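# Structural overview
Next come the chains, spelled out residue by residue.
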Amino acid sequence: MGALEKEFFNSAFVSYFLASCFNIGHLIWLKERLGRWAIALTVIGFVVNTLALTSRTLQAGRIPFANMYEFGMAFVWGLIFFYLYIAYRYKNYSLGAFVLPVAFVLTGIFSSFYQEVRPLMPALKSNWLLIHVITAVIAYGALAISFALAIMYLWRQRLEEAGEQGTMISLLPSLAILDTLVNRCIHFAVPFLTLLIVTGAVWAEYAWGSYWRWDPKETWSLITWLIYAMYLHGRVALGWRGKKAMNWAVIGFITVLFTFIGVNVLLPGLHSYAL
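Residues numbered from 1 in each chain as written. Predicted model: local features only at pLDDT ≥ 70, side-chain atom pairs only at ≥ 80, totals over all residues. Heavy atoms only, no water.

## Describing the overall build of the chain
Counting its regular elements, the chain contains 9 helices and 0 strands. Secondary structure of the chain in N-to-C order comes out as α-α-α-α-α-α-α-α-α. Computed over its C-alpha atoms, the radius of gyration of the chain comes to 19 Å, within 12% of the 19 Å expected for a compact globule of 275 residues. With the principal axes as the frame, the chain shows a C-alpha extent of 60 × 50 × 30 Å. Sorting the 275 residues of the chain into buried and exposed places 51% on the buried side. Summing over all exposed atoms, the chain offers an accessible surface of approximately 12700 Å²; the carbon and sulfur share of this is 68%. For the chain, the distance from the average site of its 19 positive side-chain charges to the average site of its 12 negative ones is 5 Å. (Helix = DSSP H or I, 4+ residues; strand = E, 2+ residues; numbered from the N terminus. Rg over C-alpha atoms; globule rule 2.2 N^0.38 Å. Buried < 20%, exposed > 50% of the residue type's maximum accessible area, 1.4 Å probe, protein only. Areas by Shrake-Rupley, 256 points an atom, 1.4 Å probe, with all protein chains shown as cover. Lys, Arg positive; Asp, Glu negative; His and termini not counted. Charge placed at Lys NZ, Arg CZ, Asp CG, Glu CD.)

In structure tokens:
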């Protein structure tokens, strides 16, 4: 079962990589056939990603959220779910050229942290863990989409400033729509990001007898939250729009990645078991 689950996740990596190539090719060569292949490969990747999660769940006898590899499968799954929803909702799949590269890179990174199923550590035997990680999957998935949309905005803005007037730019949503979508994704994600910190604090009290210890993971989670809180404040109180808001969205997601991956690898602490 373990080998099968790993093969499923590796297959998702290949599907996301090929989907990235076809998505980018669709934007460059404007061939409708490439766009259809990109969508099909994304759906295939999502299906085998789902099978990887299901297989791991059956093998472990629990929801697979105990380490970086397991959470990574769920993180990428959430990212692709949000992408497919937005693409279907707005009938525009050009976002795939920006989302799928993120998905396949993350899948490759998380695959490198593969572990055989192990019994849960005592600290992880809590329902708060499940709530904590589900909020993380939702928040991080939506923020990953906001990052891709922000990159898409900055790229389209650069094309417009360069005077580009072709079919390629017509495939992309307008700057106004992209600005709105980035804002909606972040507004959707921040309450879950808040719940992520709150449930983590409750879980920490259960596991270690203290709600907050300024562990590197806790500290960087707070920094991430503050960056997105600043983004929301800037939108409402300071009128941030366009490039400034997009830059904050990009910085915020880079902080998310460091909080989840960089801290685990570079800054040992109470969350070191997540590797």
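## Notes on the packing of aromatic side chains
Within the structure shown, the criterion is met by 23 aromatic pairs. On the basis of an interplanar angle of 85° and a centroid distance of 5.0 Å, the ring pair of Tyr69 and Tyr114 is categorised as edge-to-face. With Tyr69 in helix H3 (residues 68-90) and Tyr114 in the loop between helix H4 (96-111) and helix H5 (127-161), this pair connects stretches of sequence that are 45 residues apart. Of the two residues, Tyr69 and Tyr114, neither departs from the other in class, the shared state being buried. Summarising the aromatic geometry, the rings of Phe71 and Tyr140 are spaced 6.1 Å apart at their centres and angled 90° between planes, so their arrangement reads as edge-to-face. Note that Phe71 is positioned in helix H3 and Tyr140 in helix H5, a separation of 69 residues in sequence. With respect to burial, Phe71 and Tyr140 carry one shared label: buried. Three or more aromatic residues joined by ring pairs make a cluster, and in this case those are Phe46, Trp77, Phe81, Phe82, Phe188 and Phe192. (Phe/Tyr/Trp six-rings, centres within 6.5 Å; stacked < 30°, edge-to-face > 60°.)

## Quick word on the side chain of Ser15
Tracing the chain through its elements places Ser15 in helix H1 (residues 2-29). Dropping the residues within four chain positions of it, Ser15 is found in contact with Leu41, Ile44 and Gly45. (Contact = heavy atoms within 4.5 Å.)

## Structural notes on the pattern of salt bridges
Scanning the model with the defined rule gives 5 salt bridges in all. The salt bridge partner of Arg56 is Glu5, with a shortest N-O separation of 3.2 Å. Remark: Glu5 occurs in helix H1 and Arg56 occurs in helix H2 (residues 32-60); sequence separation between them is 51 residues. A salt bridge links Glu70 to Arg62, with the shortest nitrogen-to-oxygen separation between them at 3.1 Å. (Salt bridge = Lys/Arg side-chain N within 4 Å of Asp/Glu carboxyl O.)

## Quick notes on the environment of Glu70
Residue position: Glu70 is located in helix H3. Judged by its relative accessible area of 0%, Glu70 falls in the buried class. Discounting chain neighbours no more than four positions away, the residues touching Glu70 are Leu53, Arg56, Arg62, Pro64 and Phe65.

## Structural notes on helix H7 (residues 175-208)
For H7, spanning 34 residues, the distance from its first C-alpha to its last is 47 Å, which sits close to the expected 50 Å at 1.5 Å a residue. At Val190, H7 shows its maximal kink, close to 25°; a proline, Pro191, follows between one and four residues later. (Expected span 1.5 Å × (residues − 1). Bend = angle between axes of the 7 residues up to and from the residue.)

## Some remarks on the environment of Val137
For Val137, the position within the fold is in helix H5. Separated by 63 residues in the primary sequence, Val137 and Ala74 have C-alpha atoms spaced 6.5 Å apart. Residues within four places of Val137 in sequence aside, it is in contact with Phe71, Ala74, Phe75 and Gly78.

## Notes on the nonpolar core
With 81 residues, the main nonpolar core has Tyr16, Leu95, Phe110, Tyr140, Ile145, Ile186 and Phe253 as its most contacted residues. Put simply, the parts of the chain that give this core at least two residues each are H1, H2, H3, H4, H5, H7, helix H8 (216-237) and helix H9 (242-266). Residue contributions to this core peak at 17 residues, all from H5. In this view, Phe253 contacts Phe75, Val102, Tyr140, Leu143, Ala144, Phe147 and Tyr228; residues no more than four positions away in its chain are not counted. (Core = buried A, V, L, I, M, F, W, Y, C linked by side-chain atoms within 4.5 Å.)

Bear in mind that shape data such as this cannot, by itself, settle questions of function.
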